[in-house]
Amino acid sequence: MTELKALSPAAGLLPLEIGGAALREDEMRQLTLVAPFKGKEAALAKALEAAHGLRWPEAGETSVSGAVRLVWFGRGAALLMGGEASSKLAPYAALTDQSDAWSCLVLEGAGARDVLARLTPLDMRDVAFPMGATARTEVFHMACSITRLAAESWQIMGFRSMAKTLVHDLQVAMEGVAARAS
Amino acid sequence: MRIACPLCGERDSREFSYKGHALALERPSEDAGFGAWDDYLHNRENPAGWTRELWFHDFGCGSWLVAERNTVTHEFGKVELAENVKEAMA
Ligand SMILES: [Zn+2]
């Protein structure tokens, strides 16, 4: 059988470092969308706790257990990142492997927040978007997911098919912020 | 304009798209007759003041919302998940 070589969504485009901000591609992780069936939310939360030690995240929250994260991903859905979903969840939720569907970027550094402010209408202040906060929002006309990983580090997820556009838009904003600062 | 999504909190209106009057949730029965279907599909009030509309948080959580909006001031009032509104109608 032909051996196919796996390429990450932003292969050849990153990393970038411009001014006070750095953009890199996150490691490729297994991604599973977990969408509870109607009326099974409580049972799913129990199964998640038992199988993964994860709490079901409320809107805008991230739940973490070791290397595995469960990120709120919209109405009635969360994205399990960095581990295989237990089959024990299957009776209570639709589980969809989306590992190849998203490009996961990390924007970090002292200038990162100013870069994001050029691209998203989201309130990025500490009080509104603390560590662990997550949101589905717009990044320069694209529907994305933004999660705050650390004080100066944000994960930005966009559709894989738009990875090049996402990197381009972030690069232009990084250049703009750097030009302003100089 | 900012819209308070029940799930996401207050967000810029560019994250939302507009569908039309919330009347769209009140689908008549199949045998309701020509008049009822004509009203449902085509006829709308055009109030200067408060109205109830369907908005879609497409760049956010993906929820359909029922929002009160003042057509004169563009002020938003109560915003609810359409799912809950529909369930309360049943
Ligand atoms: Zn929302």
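Since we're looking at a predicted model, the values are computed, not measured.

What follows covers the side chain of Ser153 of chain A. If you trace the backbone, Ser153 of chain A turns up in strand β11 (residues 153–159). Every residue in contact with Ser153 of chain A, bar those within four places of it in the chain, is listed here: Val106, Leu107, Glu108, Thr147 and Arg148 of chain A.

Next up on the list: the coordination of the zinc ion. Each pair of donors in an ideal four-coordinate tetrahedral metal site encloses 109.5 degrees, whereas pairs in an ideal six-coordinate octahedral site enclose 90 or 180 degrees. All names here are of chain B. On the protein side, the zinc ion has Cys5 (SG), Cys8 (SG), His57 (ND1) and Cys61 (SG) as donor atoms, found 2.0 to 2.4 Å from it. The coordination sphere of the zinc ion comprises four donor atoms, whose angles at the metal cover 103 to 115°; the geometry is tetrahedral. Expressed as a motif, the donor residue spacing for the zinc ion is C-x2-C-x48-H-x3-C. Here Cys5 is found in strand β1 (residues 2–5), whereas its partner Cys61 is found in the loop between β4 (50–56) and β5 (64–70), with 56 residues between them in sequence. The exposure class of Cys5 is buried, given its relative accessible area of 3%. On the accessibility criterion, Cys61 (7% relative accessible area) is buried.

All names here are of chain A. In terms of domain boundaries, chain A breaks down into domain 1 (16–28 + 100–181) and domain 2 (31–97). Taking only C-alpha atoms, the centre of domain 1 and the centre of domain 2 are 24 Å apart. Counting from both sides, the interface comprises eleven residues of domain 1 and, opposite them, eleven residues of domain 2. When domain 1 packs against domain 2, close to 870 Å² is buried across both sides, 62% of that on carbon and sulfur atoms. On the domain 1 side of the contact with domain 2, Trp102, Thr134 and Arg136 bury the most area, a combined 48% of that side's loss. Seen at the junction of domain 1 and domain 2, the total is zero salt bridges. Viewed at the interface, domain 2 and domain 1 are joined by four residue pairs in polar contact (both at pLDDT 80 or more). Counting residues per element, the ones that place at least two in the side of domain 1 that touches domain 2 are β8 (102–108), β9 (134–139), β10 (142–150) and β11.

Conventions and cut-offs
- Residues numbered from 1 in each chain as written.
- Chains lettered and ligands numbered in written order.
- Predicted model: local features only at pLDDT ≥ 70, side-chain atom pairs only at ≥ 80, totals over all residues.
- Heavy atoms only, no water.
- Helix = DSSP H or I, 4+ residues; strand = E, 2+ residues; numbered from the N terminus.
- Contact = heavy atoms within 4.5 Å.
- Donors = N, O, S within 2.8 Å, 3.2 Å for Na, K, Ca; no water.
- Tetrahedral: all angles 85-135°; square planar, octahedral: opposite > 155°, others 65-115°.
- Buried < 20%, exposed > 50% of the residue type's maximum accessible area, 1.4 Å probe, protein only.
- Domains from an automatic or database assignment.
- Buried area = accessible area lost by both parts, 1.4 Å probe.
- Salt bridge = Lys/Arg side-chain N within 4 Å of Asp/Glu carboxyl O.
- Polar contact = N/O pair within 3.5 Å; in protein donor to acceptor, adjacent residues only side chain to side chain.

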